[in-house]
Amino acid sequence: MKLEFKVPSMVCEGCVDTVKKAIAKTDSSAQVNIVLETKAVTVETGSSEQEIHGAITAAGHTVA
């Protein structure tokens, strides 16, 4: 399933890495694409939207 999120708290490549690692802990086979300039996170995953959203917020980021 393809999920899309806006993560306005991402401001640098370190933030991008943190979000990618958080998603990978939830679904190690997820395909993650992040565009820092637009704060867009696209995830191809078998996990639910709530699980991925929770992983991002647990890593200290906000999801709009």
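Thresholds applied
- Residues numbered from 1 in each chain as written.
- Predicted model: local features only at pLDDT ≥ 70, side-chain atom pairs only at ≥ 80, totals over all residues.
- Heavy atoms only, no water.
- Helix = DSSP H or I, 4+ residues; strand = E, 2+ residues; numbered from the N terminus.
- Expected span 1.5 Å × (residues − 1).
- Buried < 20%, exposed > 50% of the residue type's maximum accessible area, 1.4 Å probe, protein only.
- Arc of directions from axis to C-beta.
- UniProt positions renumbered as here; feature names shortened; annotations may be inferred.
- Pairing = 2+ DSSP bridges.
- Axes fitted to C-alpha atoms, helices over the stretch in contact; angles between N-to-C directions.
- Lys, Arg positive; Asp, Glu negative; His and termini not counted.
- Salt bridge = Lys/Arg side-chain N within 4 Å of Asp/Glu carboxyl O.
- Polar contact = N/O pair within 3.5 Å; in protein donor to acceptor, adjacent residues only side chain to side chain.

What is the right way to look at helix α1 (residues 13–26) in this model?
In an α-helix, one full turn covers 3.6 residues, which means residues spaced three or four apart are oriented alike. Its 14 residues give α1 an end-to-end C-alpha distance of 20 Å, which sits within 8% of 20 Å, the value for a rise of 1.5 Å per residue. Listed as buried for α1 are Cys15, Val16, Val19, Ala22 and Ile23. On an axial view of α1, the arc spanned by its buried residues comes to 130°, and they lie on one face. Along α1, exposed side chains directed more than 90 degrees from the buried face belong to Glu13, Lys21 and Lys25.

Teacher, can you tell me more about the UniProt feature "domain: HMA" (unreviewed entry) in the protein here?
The sites that carry the UniProt feature "domain: HMA" (unreviewed entry) are, in the present numbering, residues 1–64. End C-alpha atoms of residues 1–64 are separated by 20 Å, and the span's content is 38% helix alongside 23% strand.

For this particular structure, what's the right way to read the sheet that holds strand β1 (residues 2–6)?
Strand order in the open sheet formed by three strands is β1-β3-β2, with antiparallel pairing between adjacent strands. Taken across any chain shown, the strands that pair with only one partner, and hence form the sheet edges, are β1 and β2 (31–35). If you compare each strand with its neighbour and ignore which way they point, the axes differ by 15° on average. Sheet topology places β2 next to strand β3 (residues 40–44); five bridges connect them, and they run antiparallel.

Can you help me understand the side chain of aspartate 27 in this one?
Mapping aspartate 27 onto the fold places it in the loop between α1 and β2. It is lysine 25 that comes nearest to the buried, bridge-free aspartate 27 among opposite-charge side chains, at 14 Å. Polar contacts involving the side chain of aspartate 27 include one to the main-chain amide nitrogen of glycine 46, which spans 3.3 Å.

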